[in-house]
Amino acid sequence: MNLATVLLTTGSVALVGGGRLALDIRGSASALARRAEANAELRRHARGDLGPAPQAASAGLFRSGGAVMALCGAVLTLGGVIELL
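Conventions adopted
- Residues numbered from 1 in each chain as written.
- Predicted model: local features only at pLDDT ≥ 70, side-chain atom pairs only at ≥ 80, totals over all residues.
- Heavy atoms only, no water.
- Helix = DSSP H or I, 4+ residues; strand = E, 2+ residues; numbered from the N terminus.
- Buried < 20%, exposed > 50% of the residue type's maximum accessible area, 1.4 Å probe, protein only.
- Lys, Arg positive; Asp, Glu negative; His and termini not counted.
- Charge placed at Lys NZ, Arg CZ, Asp CG, Glu CD.
- Patch = residues over 30% accessible without salt bridge, like charges linked within 9 Å, V, L, I, M, F, W, Y side chains within 5 Å.
- Areas by Shrake-Rupley, 256 points an atom, 1.4 Å probe, with all protein chains shown as cover.
- Salt bridge = Lys/Arg side-chain N within 4 Å of Asp/Glu carboxyl O.

Teacher, can you tell me more about the overall build of the protein chain here?
In terms of regular secondary structure, the protein chain is built from three helices and zero strands. For the protein chain, the sequential pattern of α-helices and β-strands runs α-α-α. With respect to the principal axes defined by its C-alpha atoms, the protein chain has extents near 60 × 25 × 15 Å. Out of the 85 residues belonging to the protein chain, those deemed buried represent 22%. The centroid of the 8 positive side-chain charges in the protein chain is displaced by 5 Å from the centroid of its 5 negative side-chain charges.

How should I be thinking about the environment of Arg 34 in this particular structure?
Positionally, Arg 34 belongs in helix 2 (residues 28-47). Arg 34 gets classed as exposed once you look at its relative accessible area, which sits at 56%. With 23 residues separating them along the chain, Arg 34 and Ala 57 place their C-alpha atoms 9.1 Å apart.

Any chance you could explain a nonpolar patch on the surface here in plain terms?
A cluster of nonpolar side chains, namely Met 1, Leu 3 and Val 6, defines an oily patch on the protein surface of about 350 Å² accessible area. When you line up the elements, Met 1 lands in the segment before helix 1 (3-22). Accessibility expressed as a relative area gives 88% for Met 1, which makes it exposed.

Explanation requested: unusual backbone geometry in the structure shown.
In terms of backbone geometry, most residues other than glycine have negative phi values and most peptide bonds are trans. Despite not being glycine, Asp 24 shows a phi value in the positive range, around 55°. Mapped onto the elements, Asp 24 comes out in the loop between helix 1 and helix 2. The class of Asp 24 is partly exposed, set by a relative accessible area of 22%.

Remember that the coordinates give geometry; whether it matters functionally is a separate question.
Here it is as structure tokens:
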């Protein structure tokens, strides 16, 4: 498999996935935040801790992580395009 193909494929996937999180398309970052909160609550209940939970991750954290992922995907995609030239 050619290096340019690998870079273009992984870069495109990272760019689309990160962009989806960064722009919060269809509430993806909010859904991830709700899911993280539900998982944290389940872990606390399994330990026997019934008190209020500290908030571990917010939608803003997922959005900023998505922006970093999209930026890295853009760099990989650009590297694949340069490799083709």
